[in-house]
Amino acid sequence: MHTDAWTSSAPYTGGDLVTAAGTDHVRLIYEYLDAGDLDACASLLHDHVALDLPGAPAAHGRTAFLHAHRDHLGSPARHEIDHIVAHARNVVVAGRRLGKGTDDTCVRFVDFFRIAEDGMVESCTRYYHAAP
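Because the structure is predicted, anything quoted here is derived from the model rather than measured.

Cut-offs applied
Residues numbered from 1 in each chain as written. Predicted model: local features only at pLDDT ≥ 70, side-chain atom pairs only at ≥ 80, totals over all residues. Heavy atoms only, no water. Helix = DSSP H or I, 4+ residues; strand = E, 2+ residues; numbered from the N terminus. Areas by Shrake-Rupley, 256 points an atom, 1.4 Å probe, with all protein chains shown as cover. Salt bridge = Lys/Arg side-chain N within 4 Å of Asp/Glu carboxyl O. Buried < 20%, exposed > 50% of the residue type's maximum accessible area, 1.4 Å probe, protein only. Arc of directions from axis to C-beta. Contact = heavy atoms within 4.5 Å. Core = buried A, V, L, I, M, F, W, Y, C linked by side-chain atoms within 4.5 Å. Patch = residues over 30% accessible without salt bridge, like charges linked within 9 Å, V, L, I, M, F, W, Y side chains within 5 Å. Pairing = 2+ DSSP bridges.

### With respect to the overall build of the chain
Argument step 1. Regarding its fold elements, the chain presents three helices and seven strands.
Argument step 2. The linear arrangement of helices and strands in the chain, starting from the amino end, is β-α-α-β-β-α-β-β-β-β.
Argument step 3. Of the accessible surface of the chain, which amounts to about 7,100 Å², a share of 55% is contributed by carbon and sulfur atoms.

So this is what it looks like as structure tokens:
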């Protein structure tokens, strides 16, 4: 592992400040999505953000990103992050998407984020766990 890469639930302490800011933005995106605060989430996204979700057309731009993320699996959910790895303006998050209320579904995912030079989230590609 590179000396400036990390896997932890603690705040990023490595060398690259843009990657550190981007990692904080990624953590906040999940919090804001879970709370339903789409305006706060949008404030962390690059103007031309791209989102690729399995089985859905690519979303481009803040509004499309938010609608695609919100509507992708239908029911409200919360995200539990298990691991974050960050290096060279890339952030990889492994976690679980848990249904809220009567929907107790659990879907494991990995999100691959690219961070723009200004620290905003530039793109996200999501992968789901599938049984072999």
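### Section: the pattern of salt bridges
Argument step 1. In total, this model carries five salt bridges according to the counting rule given.
Argument step 2. With a closest N to O distance of 3.1 Å, glutamate 80 and arginine 96 form a salt bridge. Of this pair, glutamate 80 sits in strand S4 (residues 77-87) while arginine 96 sits in strand S5 (residues 90-99); the two residues are 16 residues apart in sequence, bridging distant segments of the chain.
Argument step 3. What makes glutamate 80 partly exposed here is its relative accessible area of 26%.
Argument step 4. Classification of arginine 96 by relative accessible area gives partly exposed; the value is 25%.
Argument step 5. Here the residues in one salt-bridge network are Arg78, Glu80, Asp82 and Arg96, joined through shared partners.

### A few points about helix H3 (residues 62-71)
Argument step 1. Along H3, the residues classified as buried are Phe65, Leu66 and His69. The buried residues of H3 occupy an angular sector of 95 degrees when the element is viewed end-on, so they sit on one face.
Argument step 2. If you follow the buried residues of H3, they end up packed against helix H1 (17-35), helix H2 (38-42), strand S2 (45-52), strand S3 (59-60), S4 and strand S7 (121-128).

### Notes on the nonpolar core
Most often, soluble globular proteins keep nonpolar side chains buried together rather than apart.
Argument step 1. Ranked by internal contacts, the top residues of the largest apolar core, which has 23 residues, are Val26, Val91, Val93, Phe113 and Val121.
Argument step 2. Contributing elements (two or more residues each) for this core: H1, H2, S2, H3, S4, S5, strand S6 (106-115) and S7.
Argument step 3. The dominant element in this core, judged by the number of residues it contributes, is H1, at four residues.
Argument step 4. Each residue touching valine 93, except ones within four places of it in the same chain, is listed here: Val26, Tyr30, Ile81, His83, Ile84, Phe109, Val110, Asp111 and Phe113.

### Looking at a nonpolar patch on the surface
Argument step 1. A contiguous nonpolar surface patch, about 270 Å² in accessible area, is contributed by Val110, Phe112 and Tyr127.
Argument step 2. When you line up the elements, tyrosine 127 lands in strand S7.

### Quick notes on the pairing of S2
Argument step 1. Pairing between S2 and S7: four bridges, direction parallel. Within S7, the residue paired with leucine 51 across the bridge is cysteine 124.
Argument step 2. Note: S2 against S3, two bridges, orientation antiparallel. What sits directly across from leucine 51, in S3, is alanine 59.
Argument step 3. What sits between the antiparallel neighbours S2 and S3 is a turn of six residues, in which glycine 55 has the positive phi angle 75 degrees.

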